[in-house]
Amino acid sequence: MSSLPVIETLDVFLSERRLLKMVLHRVDEEPRVLPKPACCRVFCQNRGTEAVRIIGAKWIIQSRVSKTKQVIENDQVFNTRPLMQGARVLAFSTRFKLDRPGALSLTLLVRDEAGRLYQSRTATIKLR
């Protein structure tokens, strides 16, 4: 994806959705706190006049605790390839298991009406 031109009219934003810690226990054992999954809200805005189709996504999940980096590439976004008309916003949520603190990055692969491939600017969010 890194050799494709960047589409200037598509903005991608990430925001963290806070989840409560889950405490699970049986009656005969001590409570234990489960790690919180990273829940992220993704907003895509097509500022152009032409429609673009999102045909792929590349997530990079980084943990500062375990010093790991995981790359996930999908040829769809949630089992679909949404068409974004001009001046429209698309929003969706996703969850990842992540050792906190860490970071999530997202780059989208898109195709315009003429069939040209582009990538979005990479959006990154740091999670505590």
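For the structure itself, look to the data block above.
Residues numbered from 1 in each chain as written. Predicted model: local features only at pLDDT ≥ 70, side-chain atom pairs only at ≥ 80, totals over all residues. Heavy atoms only, no water.

## Quick word on the side chain of Ser63
Heads up, the condition is: The secondary structure listing takes helices from DSSP runs of H or I that are at least 4 residues long and strands from runs of E that are at least 2 residues long, numbered from the N terminus. By the criterion applied in these results, polar contacts are pairs of N or O atoms within 3.5 Å in which, for protein atoms, one can donate a hydrogen and the other can accept it, and in which residues neighboring in sequence qualify only through two side-chain atoms. A contact between two residues is defined here by any heavy atoms of the two lying within 4.5 Å.
Mapped onto the elements, Ser63 comes out in strand E5 (residues 52-63). A polar contact is formed between the side chain of Ser63 and the side chain of Ser66, at a distance of 3.2 Å. When residues no more than four places from it in sequence are discounted, the contact partners of Ser63 are Thr68, Leu98, Asp99, Pro101 and Gly102.

## Re the sheet that holds strand E4 (residues 38-46)
Counted only if it meets this: At least two DSSP bridges between two strands are needed for those strands to be called paired. Here an axis means a line fitted to C-alpha atoms, over the contact stretch when the element is a helix, while the angle between two N-to-C directions is reported on a 0 to 180 degree scale.
Across the sheet, which stays open at both edges, the 3 strands sit in the order E1-E4-E8 with antiparallel pairing between neighbours. The open sheet has two edge strands, strand E1 (10-17) and strand E8 (88-96), and neither has a second partner. Between one strand and the next, the sheet's axes are offset by a mean angle of 20°, whatever the strand orientation. For E4 and E8, the ladder comprises 9 bridges, and the chain directions are antiparallel. Paired with Val42 across the strands is Phe92, a residue of E8.

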